[in-house]
Amino acid sequence: MDQSPTLFKRYLGIDYSGAQNPASSLTGLRVYSATPTQPPIEIHPPPSRRKYWTRHGLAHWLAVELASEPATLVGIDHAFSFPLRYFEKYSLPSHWPTFLHDFHAHWPTDAQNITVDCIRNGLHGNGAQRTGNARWRRLAEERCRAKSAFHFDVQGSVAKSTHAGLPWLRFLRLLLGTQLHFWPFDGWNPPHGSSVVAEVYPALWNRHFPKEGRNSHQHDAYTVARWMQEKDSKHHLINHFLPRLTPTERTIAETEGWILGLD
């Protein structure tokens, strides 16, 4: 076996959930952790009256872990950006931090007791001024046949988790700054030794690993951590950080984002 160093010392696979509000204990929000030498294990939230992770709790836990831990690769299964047509409709620059701030101004789904549906229904925020069409898909979603980030209320949709999760990406970016590399928006080839957060799509790999008693949410988080661990151990991650895209596709993906492992 190749004993040369891996790019990362830890791999966190996160199956995300946009249900309820940021303080809700969510059975669909799961975290698995692996190291170069240890298989993925489930990470439970710190002891409290809540049995499962909350989005608020997970974001704050990640902030502490990523500020202190050695180089960690985090895979989260919701969209990190929107299709170009969204940027065009609202005359937004192709600049991811600006997109995050603008989105948060209209969809403050990290606020206490605020649900995605509260904003969809006009009870809070100003979501009506920043909506998209369920037929709009990013280049990455078209390539892997994933649903649009605006396709709500259907099985397999990531729309709610995306609208709930984007403000927490902003939170981590504001808190940790250059300590954290958001791929590919901060560059396709992450600096050596940095922690990286990337969008993933567990459906690409979850049939490759036996479930071994895990439910679907656990298995998706496990799959992400396991895939990242295996690819890094074989020194293939660098190829996935530099997917085979044309110059035009690469330019689009620098605005829309890309899914790690999708070629």
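Here's a quick rundown of the structure.

What counts, and at which threshold
- Residues numbered from 1 in each chain as written.
- Predicted model: local features only at pLDDT ≥ 70, side-chain atom pairs only at ≥ 80, totals over all residues.
- Heavy atoms only, no water.
- Phe/Tyr/Trp six-rings, centres within 6.5 Å; stacked < 30°, edge-to-face > 60°.
- Helix = DSSP H or I, 4+ residues; strand = E, 2+ residues; numbered from the N terminus.
- Buried < 20%, exposed > 50% of the residue type's maximum accessible area, 1.4 Å probe, protein only.
- Contact = heavy atoms within 4.5 Å.
- Pairing = 2+ DSSP bridges.
- Core = buried A, V, L, I, M, F, W, Y, C linked by side-chain atoms within 4.5 Å.
- 1 Å grid on protein atoms, 1.4 Å probe; cavity = no way out; pocket = protein on both sides within 12 Å on 5 of 7 lines; lining within 4 Å.
- Points joined across faces, edges and corners; volume = space filled by probe spheres on them.
- Nonpolar A, V, L, I, M, F, W, Y, C, P; charged D, E, K, R; others polar.

Overview of the packing of aromatic side chains
Moving on, step 1. Counted according to the given criterion, the structure contains 22 aromatic pairs.
Moving on, step 2. Between Phe82 and Phe103, the aromatic rings sit 5.7 Å apart at their centres with planes inclined by 75°, giving edge-to-face as the arrangement. Placement of the pair is Phe82 in the loop between strand S4 (72–76) and helix H2 (84–89) and Phe103 in helix H3 (residues 96–106), with a sequence separation of 21 residues. Of the two residues examined, Phe82 and Phe103, each falls in the buried class.

Some thoughts on the side chain of Thr255
Moving on, step 1. Mapped onto the elements of the fold, Thr255 is located in helix H9 (residues 247–256).
Moving on, step 2. Those residues in contact with Thr255 that sit more than four places away from it in its chain are Ser81, Leu84, Phe87, Ser94 and Phe185.

Points about H3
Moving on, step 1. Among the eleven residues that make up H3, eight are buried, leaving the element largely enclosed by the rest of the structure.
Moving on, step 2. Buried within H3 we find Trp96, Pro97, Phe99, Leu100, Asp102, Phe103, His104 and His106.
Moving on, step 3. Looking at the buried side of H3, the elements it contacts are H2, helix H4 (116–120), helix H6 (159–176) and strand S5 (180–182).

Section: unusual backbone geometry
Moving on, step 1. Cis rather than trans, the peptide bond between Trp183 and Pro184 has omega equal to 0°.
Moving on, step 2. Position of Pro184 among the secondary structure elements: in the loop between S5 and strand S6 (195–199).
Moving on, step 3. In the Ramachandran plot, Asn113 falls in the positive-phi region, its phi being about 65° despite a non-glycine side chain.
Moving on, step 4. As for its placement among the helices and strands, Asn113 is situated in the loop between H3 and H4.
Moving on, step 5. Residue Glu212 is not a glycine yet carries a positive backbone phi of 50°.
Moving on, step 6. One can find Glu212 in the loop between S6 and helix H7 (216–233).
Moving on, step 7. Under the relative-accessibility criterion, Glu212 is labelled exposed at 58%.

Focus on the pairing of S6
Moving on, step 1. Of all the five residues making up S6, five are buried; the element is thus mostly covered by neighbouring parts of the structure.
Moving on, step 2. Burial of the side chains of S6 extends over both faces: Ser195, Val197 and Glu199 are buried on one face and Val196 and Ala198 on the other.
Moving on, step 3. Where S5 and S6 come together, three bridges link them in parallel fashion. Paired with Phe182 across the strands is Val197, a residue of S6.

Here we look at the nonpolar core
Moving on, step 1. Within the largest apolar cluster, 47 residues are counted, with the highest numbers of intra-cluster contacts made by Ile14, Leu58, Phe82 and Tyr86.
Moving on, step 2. Every element with two or more residues in this core is listed here: strand S1 (10–15), helix H1 (55–68), S4, H2, H3, H4, H6 and S5.
Moving on, step 3. Considering each element in turn, this core owes the most residues, eight residues, to H6.
Moving on, step 4. Ignoring sequence-local partners within four residues, the contact set of Leu58 consists of Ile14, Tyr16, Leu29, Val31 and Trp53.

Points about the layout of surface pockets
Moving on, step 1. Taken as a whole, the largest pocket spans an internal volume of roughly 800 Å³.
Moving on, step 2. Looking at the largest pocket, it is lined by 36 residues, and the ones nearest its centre are Asp77, Gly156, Ser157, Val158 and Ser161.
Moving on, step 3. Among the elements of the structure, H6 and H7 are those that each provide at least two residues to the lining of the largest pocket.
Moving on, step 4. For the lining of the largest pocket, the element with the most residues is H7, which contributes three residues.
Moving on, step 5. Tallied by class, the residues present in the lining of the largest pocket amount to 13 nonpolar, 13 polar and ten charged.

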